[in-house]
Amino acid sequence: MRTLEGFHKGVNLGGWLSQCGEGNYTKEHFDTFMIERDFALVKEWGLDHVRVPVDAETIQEEDGTMKEDGLAYIDKAIAWCQKYGLGMVLDLHKAHGYVFDDANNCQFFYQEKLQDIYVELWKCLVTRYGKYRDFVLFELLNEVTSKEFTDPWNKIAARTIKAIREIDKEARIVVGGIYNDSIYGLTLLDPPADENIVFTFHCYSPLAFTHQGAHWVDRMPRDPEKWKFSYPGTVAAYKARSEEFFGHDFDSEFPDTLPEQMNGAYFENLMQPALQVAEKYNVPLYCGEYGVIDLADPKDALAWYKDMNSALEKFGIHRAAWSHHGMNFGLADPWLDGVRDQLVKYL
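Note that the structure is a prediction, hence the values are computed from the model and not measured.

Looking at this structure, I do not really get the sheet that holds strand S1 (residues 9-12). What am I missing?
Consider a sheet: its strands pair through backbone hydrogen bonds, and that pairing is either parallel or antiparallel. If you walk around this closed barrel you meet the eight strands as S1-S2-S3-S4-S5-S6-S7-S8, and the pairing is parallel. Ignoring strand direction, the axes of neighbouring strands in this sheet form an average angle of 30°. Here four bridges tie strand S6 (residues 197-202) to strand S7 (residues 285-289), and the two strands are oriented parallel to one another. Bridge pairing in S7 places His202 opposite Glu289.

Dropping the structure here:
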C-alpha cells in the first residue's frame, strides 16, 4: 500500500470546532478551547500532524451559506500548522442532517437537498484550502453508522469526489466506511476513484476497555464495580466481558485467529482486513481515531497504547490519537500526568 508523507502520527483536536456541547458553538469557546500553545505542544510530543474535526454548523448555515467567522478558525489552524511544521486532516465531523452519535438524525442519506448542501460545502472548502494540499488532507465525513447507508454513502462520496475533482485534481481525499469507520466498513467501500484517495478506519478495541464507564455507550453498566476493567489480560476474558455488555454486536473485535493474551499481536490480527483492502487497491491507510477513556487506569492506558503502537508501526499505518485534551480522552489532561512522557512515544 502507498504511504502518506508527513502524516505518520498525530492527534485529534476534538471538541474545538466540533462536538462543542449545547450552547458552546460560540466565539468564546472557539477562541479559548485551542490556542497556539496547543499546536506547539503537539510538535513537542514528536507528532507531525493534527486531525481537525469540524461540524457543518460551525462553518455553514443550514441553507448552505458559508460562515466566514467559522472558516476563520480553520484559517487559524492552518496558519499554526504552517508555523510548527504540522500536517492537517480537515475532517467534516457532522453534516447538516447527519450526526454520527444520533441515530435519529440521519436524514442526510435520504434527502437530496441536504446532499446538495453537503457537496457545495466541500466545493467551497477545497476552493479555499486546495492550495494547501501539500500538508492538508480532506476527510469527507466522520463515522457513517448503519449498514443500510452503505450504498447511499458510496454514491454520495463518489458524487462529492467528482465535484472536488472539477476544482482540484490533486487534493488528497480521506474516505471511511460504515459502523463508525470500522475496519469492516472498509471492505464495503467502492474502489478508490483515483490515486489521491486515502482510506480511513477507527480503532477503539476492545471497547469494553477503551470505553469503560462511557455514559454514551449503549448497555455499558453504570456501576463502576461492573465496568472497571484492566489491561492487559486474556483475550478470553475480554471477549466474555464484551458479550456480557454488548451481546454479539462487537464480535468483529475478536477474529478467529488471536493470541491467548492481549498484546500487539491482537491488534495485528484485528487489522488484517484493513491491510488487505489497502493492498488490493494500493491505497494509503489512516487510523483517524484511537484511544482510551480517562476512566481507565493510566498505567493500563499506557500498556494499551504501547501494544496498539506496535501494530501500527509494523504495518506502517498512519494515525491520529483521540484526543488532544478534553472529550473524555484528553492526552494533555491531568489523568495522564504520571505516564504522559512515556505514552507520547507510543502514539
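What exactly am I supposed to notice about the nonpolar core here?
Note that soluble globular proteins tend to have their nonpolar side chains buried in a common cluster. Core analysis: the largest hydrophobic core is formed by 104 residues, its most contacted members being Trp16, Ile74, Tyr118 and Trp153. Once residues lying within four places of it in the same chain are set aside, the contact partners of Trp16 are His29, Phe30, Phe33, Met34, Phe39, Val52, Tyr73, Ala77 and Trp80. Counting residues in hydrophobic clusters, the runner-up holds twelve residues, among them Ala208, Val217, Trp227 and Phe329.

I keep staring at the pattern of salt bridges and nothing clicks. Help me out?
Note that side chains of opposite charge can pair when their charged atoms are close. In the structure shown here, the tally under the stated rule is 17 salt bridges. The salt bridge involving Glu289 is made with Arg51; its shortest N-O contact spans 3.0 Å. With Glu289 in strand S7 and Arg51 in strand S2 (residues 49-55), the pair connects residues that are 238 residues apart, well separated along the chain. Both residues of the pair, Glu289 and Arg51, count as buried. Among the ionic pairs, Glu313 bridges to Arg319, the shortest N-O distance being 2.6 Å. A residue is classified by how much of its surface remains accessible, and Glu313, at 38% relative accessible area, is partly exposed. One network of salt bridges, with partners in common, ties together Arg51, Asp91, Glu139 and Glu289.

Which parts of the structure should I look at to understand the side chain of Thr58?
One can find Thr58 in helix H3 (residues 56-59). Other than its neighbours up to four places away in sequence, Thr58 contacts Leu17, Tyr25, Phe30, Lys67 and Gly70.

Can you walk me through the packing of aromatic side chains in this structure?
Any aromatic ring pair is given by two values, namely how distant the centres are and how the planes are angled relative to each other. Summed over all chains, the structure comprises 26 aromatic pairs. Each member of the aromatic cluster is reached from another via a ring pair, and the members are Tyr98, Phe108, Phe109, Tyr110, Tyr118 and Phe149. Residue placement shows Arg241 over the ring face of Phe229; its charged tip is 4.1 Å from the ring centre.

Teacher, can you tell me more about the state of the cysteines here?
Each disulfide consists of a covalent bond between the sulfur atoms of two cysteine residues. Taken as a whole and judged by the stated rule, the model has zero disulfides. This cysteine, Cys106, is not joined by any disulfide, and Cys20 carries the nearest cysteine sulfur, 20 Å off. A relative accessible area of 7% means that Cys106 is categorised as buried. We note that Cys287 lacks a disulfide partner, and the nearest cysteine sulfur, in Cys203, lies 5.8 Å from it. On the accessibility criterion, Cys287 (0% relative accessible area) is buried.

Is there a simple way to explain a negative patch on the surface in this structure?
A contiguous patch of negative charge, built from Glu57, Glu61, Glu62, Asp63 and Asp69, is present on the exposed surface. Note that Glu57 resides in helix H3.

Whenever I open this one, the pairing of strand S3 (residues 87-94) confuses me. Can you help?
Among the eight residues that make up S3, eight are buried, leaving the element largely enclosed by the rest of the structure. Pairing of S2 with S3, which is carried by seven bridges, proceeds in the parallel orientation. Bridged to Pro53 within S3 is Asp91. For S3 and strand S4 (residues 136-139), the ladder comprises four bridges, and the chain directions are parallel. The residue of S4 that forms the bridge with Val89 is Leu137.

Calculation notes
- Residues numbered from 1 in each chain as written.
- Predicted model: local features only at pLDDT ≥ 70, side-chain atom pairs only at ≥ 80, totals over all residues.
- Heavy atoms only, no water.
- Pairing = 2+ DSSP bridges.
- Helix = DSSP H or I, 4+ residues; strand = E, 2+ residues; numbered from the N terminus.
- Axes fitted to C-alpha atoms, helices over the stretch in contact; angles between N-to-C directions.
- Core = buried A, V, L, I, M, F, W, Y, C linked by side-chain atoms within 4.5 Å.
- Buried < 20%, exposed > 50% of the residue type's maximum accessible area, 1.4 Å probe, protein only.
- Contact = heavy atoms within 4.5 Å.
- Salt bridge = Lys/Arg side-chain N within 4 Å of Asp/Glu carboxyl O.
- Phe/Tyr/Trp six-rings, centres within 6.5 Å; stacked < 30°, edge-to-face > 60°.
- Lys NZ or Arg CZ within 6 Å of the ring centre and 35° of its normal.
- Disulfide = S-S within 2.5 Å.
- Patch = residues over 30% accessible without salt bridge, like charges linked within 9 Å, V, L, I, M, F, W, Y side chains within 5 Å.
- Areas by Shrake-Rupley, 256 points an atom, 1.4 Å probe, with all protein chains shown as cover.
- Lys, Arg positive; Asp, Glu negative; His and termini not counted.
- Charge placed at Lys NZ, Arg CZ, Asp CG, Glu CD.

What is shown is where atoms sit, not what they do.
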